Amino acid sequence: GGGPAPPATRTTCPYCGVGCGVLARREPDGRVTVQGDPNHPANRGRLCSKGSALAETLSLADRLLHPQVGGRRVGWDDALDLVASRFKQAIREHGPDSVAFYVSGQLLTEDYYVANKVMKGFIGSANIDTNSRLCMASAVAAHRRAFGSDTVPGVYADLEEAELVVLVGSNFAWCHPVLFQRLLAARASRGVRLVVIDPRRTATAEQADLHLPIAADSDAALFNGLLRHLDRVGKRDVPYTDAHVTGWPEAVAAAAPATLEAVAAATGCSAQDIARFYAEFAGADRVVTVFSQGVNQSVSGTDKATAILNCHLFTGRIGKPGASPFSITGQPNAMGGREVGGLATMLAAHMDLEDAAARERVQRFWGSPAIATRPGLKAVELFSAVREGRVKALWIMATNPADSLPDADEVQAALRTCPFVVVSDVTARTDTARFAHVLLPAAAWGEKNGAVTNSERRISRQRAFLPLPGEARPDWWALAAAARRMGFAGFDYEGPAAIFREHAALSAFENDGARAFDIGAHDAIGAAAYDALAPFQWPQRRGEPARDTRFFSEGEFSTPDGRARMTPVAVLAAVAQRADFPLTLNTGRIRDQWHTMTRTAKSPRLMAHYGEPFCEIHPADAARLGVAPDGIVRVTTEQGSVLLRALITDRTARGSVFAPMHWNDQFAGAGRVNALVSPATDPVSGQPGFKRTTCRAEPF
Ligand code: SF4
């Protein structure tokens with residue numbers, strides 16, 4: 001081709017928590033092209049199938065371009081006046097806890113910051129929760145329990161520096177593909193060993209040196225057994241645990257029943273394979289244990305994650321090159337949400353809601369009239385409260401709970417009865433938008449400007465390269481405008497740089513170094529510097545240069561005594577399977593779709609991977625039930641029933657049915673798998689157990 005290439009905008013991918021850098025270009029003919037950013041430390045030029053198809057997803061055909069009230073187009077002023085008056089009315093008549101925000105790991109940090117500030121500091125309730133509750137709340141709870149702070153110790157490069165990488169409950173090849181590519185490259189050049197722990201023989205498990213197809217939710221037994229083994233073969237890091245860790249004798253004692261035979265019985269794996277895993281783990285000083293939704297999305301998710309952290313603390317393999325536990329987040333900005341405190345159980349800047357001094361500090365910083373004093377409603381409870389009439393006004397941003405929460409039909413029933421529902425989204429084509437009294441047109445990827453944080457604590461800019469279409473506006477703008485109309489001061493932001501600056505200043509406010517999250521180096525950042533901001537890892541305190549950071553190799557925990565806590569993990573008794581629900585439903589993602597498909601379904605290439613809602617069922621179960629190859633099966637749980645195409649395969653275990661969670665009434669008109677999922681949650685984290693609902697299947 002002739003002529004110089006048009007300048008590219010350096011931005012980040014809006015899908016998974018890897019947080020790849022993307023170069024987006026508007027070609028002279030108006031087309032947009034994307035490629036991986038060779039300078040971004042997360043991906044160094046790589047992109048996966050979803051990221052490389054981003055340009056195919058930019059059509060405005062189904063975009064929401066104007067505010068609507070009751071299905072009719074109105075101006076922003078009228079829509080926001082109504083939002084403010086209905087929220088104020090509910091607060092006046094029923095108190096601050098009668099209103100709620102339900103937000104998203106798709107929000108940018110600036111949107112998230114403003115939403116949290118409005119709810120916790122001005123409305124005075126902690127009723128702001130997020131779809132991140134469905135993703136990594138158990139990892140957050142386990143981090144806080146063990147470290148005293150929600151801190152991911154490692155960096156992506158650890159995957160390349162390890163001798164052994166253990167992937168637990170993670171279909172890395174499909175869900176975090178670029179990190180998996182980095183891992184495979186390191187394996188080719190350095191021979192990194194790979195153990196995959198997953199009930200399914202996924203595309204990831206196919207690549208493993210050892211695959212342990214454990215029974216659902218038997219991870220805690222497996223890692224308790226590992227802790228017992230590490231103790232017996234003398235792998236306790238004596239100086240490290242003596243100086244920096246408490247609770248290890250109790251944790252080891254609690255693991256005593258986890259003998260090889262007991263673990264084999266609990267997991268359904270052979271004692272020989274388990275022994276091999278334990279020996280590999282004990283023998284590798286540089287070991288990284290990656291854990292993701294298979295660990296977190298469980299009614300015992302916090303304990304499962306704790307059992308993993310225990311093994312790393314016990315051996316001192318934490319925050320060292322190639323040695324760390326590593327929670328990998330699903331969404332592009334789950335980590336940014338954690339920074340701003342956008343969860344019902346957190347405050348702001350990683351400060352604790354339970355800490356009165358922290359509450360007073362944040363309130364003083366905000367100059368706010370109120371501060372939430374106790375945790376708010378977590379995602380599943382929030383929608384139960386809506387259903388029970390306790391929440392009178394609800395604002396949902398950038399997420400589709402009518403399809404994505406467990407027991408999703410009940411969530412739809414809740415939304416139908418809620419007196420006032422506001423939905424901010426880029427399209428009205430979602431099952432949630434159907435229940436909105438007010439629809440607000442949000443800015444989409446490519447139009448909005450802000451920051452995101454990936455799974456290794458790296459903060460990157462997401463930049464606009466397209467104009468705002470119609471009357472679409474960023475979420476922070478709509479939130480700040482509504483807050484001003486509610487009479488709140490402190491929401492006159494001229495742009496995302498001003499919000500980021502305030503967020504950075506709060507992280508450094510009266511921070512003597514005891515609080516891990518500190519990005520004070522950016523507390524005076526101007527618009528131009530913000531525009532040019534290069535990816536950096538937190539912390540970056542005032543006066544410090546950007547550099548890659550690990551935590552905890554020298555102790556430095558945020559607990560009151562400065563030591564990490566190993567917590568004894570009790571293994572749950574096996575659940576007796578009901579005769580009418582003899583199978584277990586396991587849900588998850590597929591390689592080429594994202595969430596409820598509002599963006600990825602626009603790409604014909606991505607739709608070609610799997611064209612319709614389906615479930616995987618084991619050949620023995622299919623034969624017993626009379627399910628024909630490619631036949632239709634009805635999968636039923638206590639919550640509901642859906643029809644799915646049967647994919648008969650021994651990738652899924654006997655007795656288990658796997659179904660992806662993407663399809664819904666807007667795409668395919670069927671297959672809303674989350675309508676089947678049990679609303680039971682982990683008692684500590686409030687995260688639902690998407691991976692295990694008892695079910696039955698029958699030919700249709
Ligand atoms: Fe986007 Fe994740 Fe793929 Fe990277 S790995 S391109 S962040 S979906």
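Residues numbered from 1 in each chain as written. Predicted model: local features only at pLDDT ≥ 70, side-chain atom pairs only at ≥ 80, totals over all residues.

Engineer: Help me out: how do you make sense of the overall build of the protein chain in this one?
Structural biologist: Within the protein chain, the secondary structure is distributed over 24 helices and 26 strands. Here the C-alpha atoms of the protein chain give a radius of gyration of 24 Å, agreeing with the 27 Å that 2.2 N^0.38 yields for 700 residues. Dimensions of the protein chain along its principal axes, counting C-alpha atoms only, are 65 × 65 × 60 Å. Relative to its 700 residues, the protein chain shows a buried fraction of 60%. In the protein chain, once contacts between residues fewer than 6 apart in sequence are set aside, the share between residues at least 24 apart is 73%. (Helix = DSSP H or I, 4+ residues; strand = E, 2+ residues; numbered from the N terminus. Rg over C-alpha atoms; globule rule 2.2 N^0.38 Å. Buried ≥ 20, exposed ≤ 12 C-beta atoms within 10 Å, placed from the backbone. Contact = placed C-beta atoms within 7 Å.)

Engineer: How should I be thinking about the nonpolar core in this particular structure?
Structural biologist: Considering soluble globular proteins, one finds that nonpolar side chains tend to be buried as a cluster. In terms of nonpolar packing, the biggest core is built from 226 residues, with Val165 and Val635 touching the most fellow members. For this core, the element with the most residues is helix α3 (residues 109-123), which contributes eight residues. (Core = buried A, V, L, I, M, F, W, Y, C linked by C-beta atoms within 7 Å.)

Engineer: Where do I start with the domain arrangement of the protein chain in this structure?
Structural biologist: How big an interface is tends to be stated in terms of accessible area lost as the parts join. Assigned domains within the protein chain: domain 1 (8-57), domain 2 (68-135 + 332-537), domain 3 (137-328) and domain 4 (583-699). Between the C-alpha centres of domain 3 and domain 4 there is a distance of 27 Å. Taken together, the contacts link 22 residues of domain 3 with 23 residues of domain 4. Sorting the residues of the side of domain 3 that touches domain 4 by element identifies α4 (137-147), α6 (172-175), α13 (293-296) and α14 (301-314) as the ones contributing at least two each. Of the residues forming the side of domain 3 that touches domain 4, the biggest block, four residues, is contributed by α4. Tallied by class, the residues present in the side of domain 3 that touches domain 4 amount to nine nonpolar, 10 polar and three charged. (Domains from an automatic or database assignment. Nonpolar A, V, L, I, M, F, W, Y, C, P; charged D, E, K, R; others polar.)

Engineer: How do you make sense of the UniProt feature "domain: 4Fe-4S Mo/W bis-MGD-type" (unreviewed entry) in the protein chain when you look at a structure like this?
Structural biologist: Mapped onto this numbering, the UniProt entry annotates "domain: 4Fe-4S Mo/W bis-MGD-type" (unreviewed entry) at residues 6-62. Annotated as 7% helix and 28% strand, the span residues 6-62 places its first and last C-alpha atoms 28 Å apart. (UniProt positions renumbered as here; feature names shortened; annotations may be inferred.)

Engineer: What is the right way to read the site of the ligand from this model?
Structural biologist: Residues in contact with the ligand amount to 14 residues; listed here are only the nearest, Cys13, Cys16, Cys20, Cys48 and Gly51. When residues of the shell around the ligand are traced back to their parent elements, those giving at least two are α1 (49-52) and α7 (177-190). Counted by class, the shell around the ligand contains nine nonpolar, four polar and one charged residues. (Near = placed C-beta within 6 Å.)

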